[in-house]
Amino acid sequence: MKFIKKHYKYYLCFLIILLSLIFFGYNNTDNIWNYGMAHAIHMGEVPYRDFNIITTPLYPFLMNFFLLFQDCYLFFLIGQAILGTVCYYFMDSFLGKKVFFLLPIIGMGLFYFFFPNYNFLVFFFLVLLMYLEKEKKSDYLIGLVLALLILTKHTMGVVVVFFSLLSTFQFSKCFKRIVAMIGPGLLFIFYLLLTKSFSSFWNLSVIGLFDFGGHNNYRSVMILIFAGLCLLYCLYQIKKNPKDPFNYYLLSSFFFLYPIADSFHFQYVIILTLLIVLYRMENIPNVIYHGSIVLCVFFLLFNIAYHYPVYKQAVFSQEKHFLGYLTTKENANHIHMVLEDYQAKENAYMFSFSNMYFDIASNHKITYFDIPLYGNFGYDGVSSMKKKVDSMHDVYFYVQDHKNIQYCDEVYRYIKEKSQFSYKIGKFAVYYKD
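Please read these numbers as outputs of a predicted model, since none were measured by experiment. (Residues numbered from 1 in each chain as written. Predicted model: local features only at pLDDT ≥ 70, side-chain atom pairs only at ≥ 80, totals over all residues. Heavy atoms only, no water.)

Visitor: Describe the sheet that holds strand β5 (residues 420-425), with residues and values.
Guide: If you trace the four strands from one edge of the open sheet to the other, you get β3-β4-β6-β5, paired in mixed fashion. Looking along the sheet, the strands with just one partner apiece sit at the ends: β3 (348-351) and β5. Across the sheet, the mean angle from the axis of one strand to that of its neighbour is 25 degrees, orientation sign disregarded. Taken together, the five bridges between strand β4 (residues 395-399) and strand β6 (residues 428-433) define a ladder with antiparallel strand orientation. The partner of Tyr-398 across the bridge, within β6, is Val-430. (Pairing = 2+ DSSP bridges. Helix = DSSP H or I, 4+ residues; strand = E, 2+ residues; numbered from the N terminus. Axes fitted to C-alpha atoms, helices over the stretch in contact; angles between N-to-C directions.)

Visitor: Tell me what's going on with the pattern of salt bridges, and back it up with residues and numbers.
Guide: A full pass over the atoms with the stated rule returns ten salt bridges. Here Arg-280 and Asp-244 are joined by a salt bridge, their closest N and O atoms 2.7 Å apart. Of the two residues, Arg-280 is situated in helix α15 (residues 263-280) and Asp-244 in the loop between α13 (221-240) and α14 (245-253); the sequence distance between them amounts to 36 residues. A relative accessible area of 29% means that Arg-280 is categorised as partly exposed. Taking relative accessible area as the criterion, Asp-244 reaches 16% and is therefore assigned buried. Where salt bridges share partners, they join Glu-133, Asp-139, Lys-173 and Arg-177 into one cluster. (Salt bridge = Lys/Arg side-chain N within 4 Å of Asp/Glu carboxyl O. Buried < 20%, exposed > 50% of the residue type's maximum accessible area, 1.4 Å probe, protein only.)

Visitor: Can you lay out the side chain of His-154 for me, pointing to particular residues and giving the numbers?
Guide: Positionally, His-154 belongs in helix α9 (residues 154-168). Separated by 2.5 Å, the side chain of His-154 and the backbone oxygen of Ser-205 make a polar contact. (Polar contact = N/O pair within 3.5 Å; in protein donor to acceptor, adjacent residues only side chain to side chain.)

Visitor: Outline the nonpolar core, listing residues and values.
Guide: Core analysis: the biggest nonpolar cluster contains 137 residues, and Met-91, Phe-113, Phe-123, Leu-126, Phe-322, Phe-351 and Tyr-398 have the highest contact counts within it. Counting residues per element, this core draws most heavily on helix α7 (residues 118-134), which supplies 13 residues. In this structure, Phe-123 is in contact with Cys-87, Met-91, Phe-113, Phe-256, Tyr-268, Ile-271 and Leu-272, ignoring residues within four places of it in sequence. (Core = buried A, V, L, I, M, F, W, Y, C linked by side-chain atoms within 4.5 Å. Contact = heavy atoms within 4.5 Å.)

Visitor: How would you explain helix α11 (residues 198-207) if you had to name every residue and give the values?
Guide: Among the residues of α11, Ser-200, Phe-201, Leu-204 and Ser-205 are the ones counted as buried. Taken down its axis, α11 places every buried residue within 100 degrees of arc, on the same side. For α11, the elements touching its buried residues are α9, α10 (171-194) and α12 (209-215). (Arc of directions from axis to C-beta.)

Visitor: Which residues make up α13, and what are the values?
Guide: Relative to the 28 Å expected for 20 residues at 1.5 Å per residue, α13 spans 29 Å between its end C-alpha atoms, a close match to the ideal helical length. Among the residues making up α13, those that are buried are Ile-223, Ala-227, Cys-230, Cys-234, Gln-237 and Ile-238. An end-on view of α13 places all buried positions within 100 degrees of arc, on one side of the element. Turned more than 90 degrees away from the buried face of α13, the exposed residues are Val-221, Leu-229, Leu-232, Tyr-236, Lys-239 and Lys-240. Its buried side turned inward, α13 meets α14 and α15. (Expected span 1.5 Å × (residues − 1).)

Visitor: Residues and numbers for unusual backbone geometry, please.
Guide: The omega torsion of the bond from Tyr-258 to Pro-259 falls at 0 degrees, within 30 degrees of zero and hence cis. Within the fold, Pro-259 resides in the loop between α14 and α15. Positive phi outside glycine occurs at Lys-136, with the angle close to 55 degrees. Topologically, Lys-136 is positioned in the loop between α7 and α8 (139-150). In the Ramachandran plot, Lys-196 falls in the positive-phi region, its phi being about 55 degrees despite a non-glycine side chain. Relative to the elements of secondary structure, Lys-196 occurs in the loop between α10 and α11.

Visitor: Explain the packing of aromatic side chains to me, using residue names and the numbers behind them.
Guide: Counted under the stated rule, the structure contains 51 aromatic pairs. With a centroid separation of 5.4 Å and 80 degrees between ring planes, the pair formed by Phe-65 and Phe-66 is classed as edge-to-face. By relative accessible area, Phe-65 is classed as partly exposed at 44%. Residue classification places Phe-66 among the buried positions, given a relative accessible area of 13%. Relative to Phe-124, the ring of Phe-90 has its centre 6.1 Å away and its plane inclined at 70 degrees; by these criteria the two rings are edge-to-face. In this pair, Phe-90 sits in helix α5 (residues 73-95) while Phe-124 sits in helix α7, placing the two residues 34 residues apart along the sequence. Classification of Phe-90 as buried rests on a relative accessible area of 13%. In this structure Phe-124 comes out as buried when scored by relative accessible area, which is 8%. (Phe/Tyr/Trp six-rings, centres within 6.5 Å; stacked < 30°, edge-to-face > 60°.)

Visitor: Tell me what's going on with the environment of Ser-164, and back it up with residues and numbers.
Guide: Mapped onto the elements of the fold, Ser-164 is located in helix α9. Exposure remark for Ser-164: the relative accessible area of 0% places this residue in the buried category. The sequence separation of Ser-164 and Pro-245 amounts to 81 residues, and the corresponding C-alpha distance is 7.1 Å. Aside from chain neighbours lying at most four places away, what touches Ser-164 is Glu-133, Ile-142, Leu-146, Arg-177 and Tyr-249.

Visitor: Give me the pairing of β6: which residues, what numbers.
Guide: For β6, a buried count of five out of six residues is recorded, marking the element as mostly surrounded by other parts of the structure. What sits between the antiparallel neighbours β5 and β6 is a turn of two residues, in which Gly-426 has the positive phi angle 60 degrees.

Visitor: Summarise a nonpolar patch on the surface; cite the residues concerned and give the values.
Guide: A contiguous nonpolar patch, built from Tyr-140, Phe-171, Phe-175, Ile-178, Val-179, Ile-182, Leu-186, Ile-189, Leu-193, Phe-198 and Trp-202 and spanning about 1,100 Å² of accessible area, is present on the exposed surface. Those elements that place two or more of their residues in the nonpolar patch are α10 and α11. Considering each element in turn, the nonpolar patch owes the most residues, eight residues, to α10. For Val-179, the position within the fold is in helix α10. (Patch = residues over 30% accessible without salt bridge, like charges linked within 9 Å, V, L, I, M, F, W, Y side chains within 5 Å. Areas by Shrake-Rupley, 256 points an atom, 1.4 Å probe, with all protein chains shown as cover.)

Right under this line is the structure:
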């Protein structure tokens, strides 16, 4: 009982995160895609070889652990809520009561900060690294976390490793960190070779980044201005105290914004910046703590009010694997109608942002069609996907157009060009390729 009373805030944190994921993330396609990758691994599929993932795969492998209890969307969200609570624990260990200052920023971002994706796990490892540096833990342990970060998102991981080594100013510390990284790195390479997925990994996650950067170079001017201010603060702190490792981890976080500088990626930069600023501040009046809590509650209530029109007609999905997935009654009926038609065909594929949902619910394999984004098909990926379509015969394609700059409409149009229109069902047009 004493243990529960002592740690009640973490139980409350877990509950708030889980409810936010369920009730604020009902229309978030990324949530389904990330669940789908963990589900595919749970079903025995191999990343890179069987489905397209452009980062190193630690996040879906980690989330797959929670699917061992039950392979459903709810347990995926429970796993993410646990991960978010542990992250909050480390932030709380830095700030104490000052952590309440972060809550309005998290709330202002409609709580998307906690949504399940590999960028969150990168942020989690950055905070963990700072905690280990603060507590002066073993360099071998720090090196292990650096390796896990590379296995989460290799592009960010390489940058963080560089700045982590740069911040030590000691050869022996660098050597220990590098030694600790070798084991996980070799294990990952062995896995790629064993599963015959090394060439696919190289295509999707290394040379394929040229395609990803070329097609996903979105820049928000306002975000870049705020990021510039944070960067100036970071550079000033490095000049002021060049041996403080926190400054270097903050500097590495700006690579969250490459190549997509939007509010979703910027939230990790601003929260890490504020965490470090607050950590260095002292003697903050209690009234500001209380004000932060009030602001967070305000954003929570605003979020509920904003989504209220949806909540009035909301239902939980009854489809297989989607326990805990909230949607509207109209959308649930549409999904059920399309799903019955889709499952009735032996050889059917989808090309839409909804692919993953229908394939999971149908127990279909997750394939390269399930994440139809520019830059997600490897080097010269559009051409390779067109060749894949050419090689397919006696298949039905369920396609849906999306007015989204990341949607690979070239492949969408090519499917329609090479196939014959059959009929329309709901939001989908069905084409047959003989």
